[in-house]
Amino acid sequence: MATSLPDGILAILAAALACHLIFNRYEPVDPLSHLALLGVPPLALTSLLRTAFPSTFHTILVAFTLYYSFLVLSVVAYRLSPLHPLSGYPGPIPCRISKFWMAWISSDGKQHEYYTRLHQKYGDVVRIGPNELSIRDVDAIDPLMGVNGLPKGPHWDGRMAEQTSVRALISIRDTHEHMRRRKPWNRAFRVATMKGYAEILANRVHDFVSQLERQSGPGHINLSEWISRFTFDFMSDMAFGGGSEMLRDGDKDNTWHLLESGLPLALVLSHVPWLGKYYTSLPSIGEDLKKFRSYCQARALRRHAQGSQTKDLFHYLIDEEGIERDPPTFAEVASDGVLAIVAGSDTTATTLSCLFHSLMANRTAYRRLRDEVDRFYPPGEDASAATHHGKMKYLTAVINEALRLYPPVLSGSQRAVPKGSGGKQVGPYFLPEGTSAFVHFYSIHRDPRYFSPSPDAFWPERWLSEEDRQALGYSYPKPSPSSDKSTKVPSFIHNPSAFIPFSYGPMNCVGKKLALQEIRTLVCCVMQGFDFRFADGYDVTRWERELNDFFVSMRGELPVVITPRGQGDGVGSGDNEKRGHVFPSAIGGAIVER
Ligand code: HEM
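Counting starts from 1 at the beginning of each chain's written sequence and moves along it residue by residue. With pLDDT at 70 or above as the cut-off, local features in this predicted model cover only qualifying residues; side-chain atom pairs require 80 or more to be listed or tallied, and sums for whole chains, interfaces and linings still use all residues. Computation of side-chain values: all heavy atoms of the structure, hydrogens and water removed.

The name an unreviewed UniProt entry gives the protein is Cytochrome P450, with Pisolithus tinctorius Marx 270 as the organism. In its Pathway (unreviewed entry) section, the UniProt record describing the protein reads: "Secondary metabolite biosynthesis." UniProt positions are given in the numbering used here, feature names are shortened, and annotations may be inferred rather than shown by experiment.

**Student:** Quick rundown of the state of the cysteines? Include the residues and the values.
**Tutor:** Put simply, a disulfide is two cysteine sulfurs that come within 2.5 Å. Counting across every chain of the model gives zero disulfides. This cysteine, Cys525, is not joined by any disulfide, and Cys524 carries the nearest cysteine sulfur, 6.9 Å off.

**Student:** Give me the lowdown on the coordination of the iron atom of the ligand, citing residues and values where you can.
**Tutor:** Just one protein atom coordinates the iron atom of the ligand, and that atom is Cys509 (SG), at 2.3 Å. Here Cys509 shows up in the loop between strand 9 (493–494) and helix 26 (512–529). Only nitrogen, oxygen and sulfur atoms count as donors, using a 2.8 Å cut-off from the metal that widens to 3.2 Å for Na, K and Ca. Water is left out, so coordination shells may look unfilled. A helix here means a DSSP run of H or I that spans at least four residues, while a strand means a run of E at least two residues long, and both kinds are numbered starting from the N terminus.

**Student:** Describe the pairing of strand 10 (residues 530–534), listing the residues and the values that go with them.
**Tutor:** For each residue, the accessible area found with a 1.4 Å probe, counting protein chains only, is set against the maximum for its type, and the residue is called buried under 20%, exposed over 50%, and partly exposed in between. For strand 10, the tally of buried residues reaches five of five residues, placing the bulk of the element in the interior. Across five bridges, strand 10 lies against strand 13 (residues 559–564) in antiparallel orientation. Bridge pairing in strand 13 links Phe534 to Val560. By the convention used here, strands pair only if DSSP detects at least 2 bridges between them.

**Student:** Tell me about the UniProt feature "binding site: heme" (unreviewed entry) in the protein, residues and numbers included.
**Tutor:** Following the UniProt record, the feature "binding site: heme" (unreviewed entry) maps to Cys509 here. In this structure Cys509 comes out as partly exposed when scored by relative accessible area, which is 32%. In what follows, a contact means two residues having at least one pair of non-hydrogen atoms within 4.5 Å. Here Cys509 is in contact with Arg182 and Phe502, once residues within four sequence places are set aside.

**Student:** Go over the pairing of strand 2 (residues 132–135) with me, naming the residues and quoting the values.
**Tutor:** Alternating positions in strand 2 separate into two faces, Glu132 and Ser134 on one and Leu133 and Ile135 on the other, with burial throughout. Direction of pairing for strand 1 (residues 125–129) relative to strand 2: antiparallel, over a ladder of four bridges. Residue pairing across strands places Gly129 opposite Glu132, the latter belonging to strand 2. Where strand 1 folds back onto strand 2 in an antiparallel hairpin, the turn is made up of two residues. In this sheet, strand 7 (residues 436–439) lies alongside strand 2 in parallel orientation, the contact comprising four bridges. Each bridged residue has a counterpart across the sheet, and for Ser134 the counterpart in strand 7 is Phe438.

**Student:** I'd like to hear about the pattern of salt bridges, residue by residue, with values.
**Tutor:** We define a salt bridge as a side-chain nitrogen of Lys or Arg found within 4 Å of a carboxyl oxygen belonging to Asp or Glu. Under the criterion given, the structure shown has 35 salt bridges. Between Arg449 and Asp124 there is a salt bridge, with the nearest N and O atoms lying 2.9 Å from each other. In this pair, Arg449 is assigned in the loop between helix 23 (441–445) and strand 8 (451–452) and Asp124 in the loop between helix 7 (111–122) and strand 1, connecting sequence segments 325 residues apart. Two residues, Arg204 and Asp237, come together in a salt bridge whose shortest N-O distance is 2.7 Å.

**Student:** Describe the side chain of Arg299, naming the residues involved and giving the relevant values.
**Tutor:** Looking at the secondary structure, you find Arg299 in helix 18 (residues 287–306). Residues scored as charged are limited to Lys and Arg (positive) and Asp and Glu (negative), so that His and the chain ends carry no count. It is Asp253 that comes nearest to the buried, bridge-free Arg299 among opposite-charge side chains, at 4.9 Å. With residues up to four places along the chain from it excluded, the contact list for Arg299 reads Phe240, Gly242 and Gly243.

**Student:** Report on the site of the ligand, specifying residues and quantitative values.
**Tutor:** For each residue, the test is whether any non-hydrogen atom lies within 4 Å of the molecule or strand; if one does, the residue is near. Residues in close proximity to the ligand total 28 residues, the closest being Lys152, Arg182, Ser413, Ser503 and Cys509. One nitrogen or oxygen atom from the side chain of Arg415 is found 2.7 Å from an oxygen atom belonging to the ligand. Distance and chemistry together define a polar contact, namely a pair of N or O atoms within 3.5 Å, with one atom able to donate a hydrogen and the other to accept it when in protein, and with adjacent residues in sequence counting only for side-chain atoms on both sides. One of the side-chain nitrogen or oxygen atoms of Ser503 is found 2.5 Å away from an oxygen atom of the ligand. Among the elements of the structure, helix 10 (175–188) and helix 20 (330–361) are those that each provide at least two residues to the shell around the ligand. Here the shell around the ligand is built from residues that sort into 16 nonpolar, nine polar and three charged. In this count, Pro and Cys sit with the nonpolar residues alongside Ala, Val, Leu, Ile, Met, Phe, Trp and Tyr, while Asp, Glu, Lys and Arg are called charged and the others, Gly among them, polar.

**Student:** How would you sum up a nonpolar patch on the surface? Please name residues and give values.
**Tutor:** Patch members must show over 30% relative accessible area and no salt bridge, and they are joined within 9 Å when carrying like charges or within 5 Å when they are nonpolar side chains of Val, Leu, Ile, Met, Phe, Trp or Tyr. Calculation of accessible area relied on Shrake-Rupley with a 1.4 Å probe; when residues are assessed, cover is drawn exclusively from the protein chains displayed. On the surface, Val29, Phe100, Trp274 and Tyr278 cluster together into a nonpolar patch covering about 350 Å² of accessible area. Inspection of the secondary structure assignment puts Trp274 in helix 17 (residues 273–281).

**Student:** If you had to explain the side chain of Ser81 to someone new, which residues and values would you point to?
**Tutor:** Inspection of the secondary structure puts Ser81 in the loop between helix 4 (56–80) and helix 5 (93–97). Here the side chain of Ser81 touches Tyr78 through a polar contact of 2.9 Å, landing on its backbone oxygen.

Here is the structure:
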């Protein structure tokens with residue numbers, strides 16, 4: 001039976017609307033479903049237009065064009081309409097239409113600054129995707145990520161799309177499975193267990209200090225790169241019982257490059273998870289990541305076969321003591337070993353690099369920390385022993401301040417409201433089912449409602465007790481409704497609940513204690529042994545400009561002149577001395593120095 005052109009067009013419109021409904025309801029991600037929904041209907045409906053066009057080619061072209069146009073129109077109209085469950089939340093139109101927008105925005109590493117600008121414009125909650133919200137509100141942290149919070153979000157499906165059978169702990173979206181896999185990790189990072197890692201850490205810190213001694217002199221080194229070598233070697237010791245000697249040999253196997261080169265694309269794919277399936281099935285794409293995984297796999301196999309004299313992280317993950325009722329498989333442990341290196345080395349290296357950068361830019365903080373280290377670890381005292389760490393208030397303040405300004409995971413970790421749950425109240429916000437959301441670490445850490453004065457400035461003193469701060473000569477009024485209006489002196493506001501660099505709740509960073517121990521030990525040893533300053537001519541503002549958000553952050557070069565203590569050329573000489581006190585700041589603001 002011949003069909004008229006309008007009837008044919010109507011049929012294609014109906015098919016496109018049905019396709020949109022199915023996508024909206026079931027969110028199919030496998031290529032076969034995509035083929036069935038995006039290829040079959042327009043092809044099948046071609047026959048309805050046959051009589052209206054001269055050739056089969058023309059007919060197919062028109063059928064597909066109409067089908068996709070109707071589909072796109074329907075999707076766009078729905079996402080911008082008041083019918084959409086997130087229509088009440090503000091956000092830029094491109095964000096509301098498609099996640100391709102954020103995929104594009106994030107590709108230059110500056111998504112953290114983009115989210116910050118969105119929060120400045122739209123407020124505490126912003127719709128940054130058709131079904132996704134970014135939140136900058138301390139009241140949302142616990143309901144979103146706490147014990148009764150939400151499971152991890154679809155972000156991980158794209159980021160780790162190649163992990164089809166065995167997933168690394170960080171990307172497990174099923175809460176029960178996550179708990180099962182997290183158990184050996186929790187055991188590995190108990191206070192008592194951690195004592196067993198002290199020797200592994202001290203050995204690596206000594207290697208690092210020896211290398212700095214060799215590198216010290218009038219020329220400069222890239223301190224950030226040396227720190228990366230240290231954290232990588234240390235995490236390899238922990239995860240696979242050794243096998244990496246970057247501090248000694250440099251990155252001769254190009255491993256650091258393999259680890260970092262995949263990060264930008266992984267972030268882009270995390271915004272459009274379904275695309276990950278296609279990407280990973282393409283030959284020769286993602287080769288670096290595959291090489292990195294097989295590098296780790298080989299080390300895991302070797303560590304498993306050889307066993308180890310020391311109880312390292314692998315010992316607990318593989319359950320060598322046979323404690324677990326449902327122990328992880330070798331494949332799971334190998335996958336988590338890769339995770340330990342990815343999650344543990346870059347993050348800690350970023351914190352240490354940012355910390356040293358901030359100290360060099362702020363001579364007062366540098367001197368205060370050096371004095372504290374000298375008090376607890378005078379020359380001859382082993383600074384790699386953690387004995388005094390708990391008493392070093394200024395050290396803790398410096399580390400917190402570096403993590404506040406530069407959280408290594410700049411934009412936070414996504415959670416999602418499961419389908420069928422009926423939605424979830426997160427602080428003052430209702431999240432309908434199918435919504436993903438995250439607290440934006442970078443924005444919340446620099447929010448003046450939580451950290452004042454000068455939330456963009458590096459000012460460790462904000463972490464001290466009021467008594468200690470006053471002893472150093474700082475005095476700020478407590479916030480009151482009138483204080484900011486009646487006087488020029490800003491109020492002091494400090495809300496540690498808004499400080500979440502290791503995330504929050506039962507799925508937070510399991511390696512937090514190890515990271516802090518590593519940072520404290522390395523900082524004490526370096527401050528005890530060396531003076532350091534920026535290389536001459538270094539532009540201090542470069543650091544923030546070169547800091548990129550690829551879920552874990554990537555940083556630029558940190559050219560530093562290192563001198564053993566007592567050999568002159570000490571703190572703040574050269575260009576930095578002339579420049580006076582410098583506070584790294586993205587948006588401006590400085591503390592009045594005492
Ligand atoms: C300064 C250093 C570090 C920072 C700031 C940091 C931060 C984070 C963040 C934000 C997450 C995401 C948690 C979430 O999804 O809510 C995470 C997860 C994780 N981190 Fe760290 N991390 C650091 C160092 C380490 C170290 C040294 C290890 C050691 C192995 C480690 C292992 C992990 C693991 C295994 C996860 C997944 C946890 C889970 O999903 O249960 N991290 N980290």
